[in-house]
Amino acid sequence: MPMSKVNQDRGKSDEAEKEIEPYGCCCFKPRCLQFFNTIQWNVFWQCVFNFFEGFIVNGVVNVIIPALEKRYSLSSKRSAIIASANDFGAFIFFIFVGYIGERVHKPKLMAAGVLVMSLGSFLFLLPHFIGEKYHFILSDSNARNNKTEAVCNLNSESTQCEAKDTQTSSYTEYYAMFILGQMFHGIGAVPMFTIALAYIDENCKQKMTSLYVSLTFCCAAVGVAVGYIVGGQTLGLFVDIDKVPTDSVGLTPDDPQWVGAWWIGVVVSFFAFFFIFLPTLGFPKRLPGYDELQKQKVSEAYNSGGSEATTRADFGTKLKDIPKAIWLLLKNPTFVFIVLGATIELNIVGGTAVFGAKLLHVLFNVDLTTAGSVMGIITIPGSGGGMLLGGYLPKKLQLRCPGILKLCFICMATCLLFAPTFLINCPDQPIFGLDKPYTGESSISELKAACNKGCGCTTSAFEPICDVNHTVYFSPCHAGCTNVSTISGVKSFFNCSCIDSPSNKSAAVDGSCSEKCSWFYAFCVLLFGIMFFTFMTMSPVVTSIFRCVPDNQRSLALGIQLLIGRLLGTTPGPVLLGYIIDSACTIWQEDCGEKGSCWTYNKHDLGMRIMIWWLVLKALGVIFFFTAFKLYKPPPEQDNNQSVEVATIHSNTDGVSTKL
């Protein structure tokens, strides 16, 4: 090679190195801060961000939804929109941010997203600080008239339905703030879920990408678990703890009118995001060593045989190139099937994240506080450990794109074996009118019978009572009980027309006679395995997308994957699983002619239908990842020189080599 050519190349390299900026904001770039100018510190701050994003969006918000319903008179349908608004905001920006991501200063756009997240938390907080104090009514001395005991009352005509709308306040402006806050949460997270991962990939060795990405995902999972726990604990404090003395409240957390301090966790996220904004802003467009890393990297992009447009110097610099760029990605069958497989996983994760605690509550008769705590405890080692291992294996085994796809295929196939887990449950005691006929009745005649006729019983409230034979009545009213007293802290019911007992002795006590069983602990262990293998695919999916598309389309490809994942995965996933759960309902709440939530379920039908749902989705995921593996075509240079070197796993025990 001529010496002039060598000098020219060296000059270009020196010029490129000079373009690399030091760490810092604006003119403030002191030498003492330059130790931050590494990919490891960038990953650290991404991990901190992901922790708090999971903490607020998927942890705290999900826990405080019931408190918001009670505090601001929201129906479940309206509160569900608050939870989904995070996806609504993200839909708008995934493609746009993903497209421009390779052409802008990534850390600055990432920092802008963090600031938007902080603004979202601020908007979510406003209803508490600008609104009036929470008003409630105490009627301890008039419990019978308010039907809190749900006893049989022949003169039970109530005016509750007529007065229902007279005390309803309009919280429209507060509702809008919740929606906007969640939308800003979704918008602000887009850069971190797209270009931030591309920033990691372009500033580290190829074998390290999967590990770094898995660390960020793992922190998000831990944040969700901590959010569940912290959010649940703050609900034990009164909502207006900052406005009124706690000793003057007159309510306890067990009171139906109790509203907890839902806003405390949101305050934490507001300050956390603002703190993360500053160090994220200081990173340069390219970290030191960027050019050398690009020389070492080997393209594994799918060989489409005609994607020369992506190599044009001016391709992608104009918005009119977006349709062409998207079309080129859609022509990549490996990318398409990876996206479909990842969407299936997100559909499953979205459903189980929302209803996991409820399933524990329904199937094993545990209270919601315990169910939420158990979900949080399992999530940390289950999802977090799965993502860590999913990121470590490609690095340890030096897997290329085909090997990573095989790993995803194996993990999803393993999850199929856990399907029978959902058939496990703790049996309920039979309910009169539902599982067995009332005394003196020849057949099951629903909850109403001759013995409680005229009592005015409804299913607006579920207050089960248990008789001496460990059989359950839906409420004291359905048992025909007219008197109630509290003895040693236990409610006892007397004069029950549906229960054959002496009038001076207690006929039944409060409770459903249900007890925990050892199957609960077996289910928790199996649930850990389900989480572990499900989340093992998260990091490999991102890494495989980076490997099968050209470098200048990585952010756009990830944006498309996240967009489709939200549209067809996390958004409809809870709706689909919720429909399946509702289909197993046996007694619905009915209040003033309106159907509410479900009180009791057929556990066998519920478990069977969830198992079928699990098998169908996981089988589709296995097919999609296997198809992506079979259709993958390595680029010509890799096909010629490295087709044999996909990956070799050396066994330290028997010396056998297994090709991936």
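In case you missed it, the structure is sitting above this.
Residues numbered from 1 in each chain as written. Predicted model: local features only at pLDDT ≥ 70, side-chain atom pairs only at ≥ 80, totals over all residues. Heavy atoms only, no water.

## Quick look at the overall build of the protein chain
Line of reasoning, step 1. What the protein chain contains, in helices and strands, is 19 helices and nine strands.
Line of reasoning, step 2. Looking at the 660 residues of the protein chain, the share that counts as buried comes to 49%.
Line of reasoning, step 3. Taking all contacts inside the protein chain whose residues are at least 6 apart in sequence as the whole, residues at least 24 apart take part in 78%.
Line of reasoning, step 4. A total accessible area of about 30600 Å² is found for the protein chain, and carbon and sulfur atoms account for 61% of it. (Helix = DSSP H or I, 4+ residues; strand = E, 2+ residues; numbered from the N terminus. Buried < 20%, exposed > 50% of the residue type's maximum accessible area, 1.4 Å probe, protein only. Contact = heavy atoms within 4.5 Å. Areas by Shrake-Rupley, 256 points an atom, 1.4 Å probe, with all protein chains shown as cover.)

## A closer look at helix H11 (residues 333-364)
Line of reasoning, step 1. Across its 32 residues, H11 extends 44 Å between first and last C-alpha, which sits within 8% of the 46 Å expected from 1.5 Å per residue.
Line of reasoning, step 2. At Phe355, H11 shows its maximal kink, close to 55°.
Line of reasoning, step 3. The element H11 is extensively covered by neighbouring structure, given that 23 of its 32 residues are classed as buried.
Line of reasoning, step 4. Directly after H11, the chain includes Asn365, whose backbone phi takes a positive value near 60°. (Expected span 1.5 Å × (residues − 1). Bend = angle between axes of the 7 residues up to and from the residue.)

## Observations regarding the pairing of strand S4 (residues 490-496)
Line of reasoning, step 1. With six bridges connecting them, strand S3 (residues 481-487) and S4 associate as antiparallel partners. When the bridges of S4 are listed, Ser485 appears paired with Ser492. (Pairing = 2+ DSSP bridges.)

## Some points on a nonpolar patch on the surface
Line of reasoning, step 1. On the surface, Ile612, Val616, Leu620 and Ile623 cluster together to form a nonpolar patch covering roughly 330 Å² of accessible area.
Line of reasoning, step 2. For Ile612, the position within the fold is in helix H18 (residues 603-631).
Line of reasoning, step 3. When its relative accessible area of 45% is taken as the criterion, Ile612 is described as partly exposed. (Patch = residues over 30% accessible without salt bridge, like charges linked within 9 Å, V, L, I, M, F, W, Y side chains within 5 Å. Salt bridge = Lys/Arg side-chain N within 4 Å of Asp/Glu carboxyl O.)

## Considering the environment of Phe275
Line of reasoning, step 1. Position of Phe275 relative to the elements: it lies in helix H8 (residues 264-281).
Line of reasoning, step 2. The class of Phe275 is exposed, set by a relative accessible area of 54%.

## Examining the state of the cysteines
Throughout this description, disulfide means a covalent bond between two cysteine sulfur atoms.
Line of reasoning, step 1. Counting across every chain of the model gives one disulfide.
Line of reasoning, step 2. With its sulfur 1.9 Å from that of its partner, Cys481 forms a disulfide with Cys496. Residues Cys481 and Cys496 share a disulfide whose torsion about the S-S bond is about 105°; that sign makes it right-handed. Of this pair, Cys481 sits in strand S3 while Cys496 sits in strand S4, and the two are 15 residues apart along the sequence.
Line of reasoning, step 3. Residue Cys496 is classed as buried on the basis of its relative accessible area of 7%.
Line of reasoning, step 4. Cys47 carries a free sulfur, and the closest cysteine sulfur to it, the one in Cys219, is 3.7 Å from it.
Line of reasoning, step 5. Cys415 carries a free sulfur, and the closest cysteine sulfur to it, the one in Cys411, is 7.2 Å from it. (Disulfide = S-S within 2.5 Å.)

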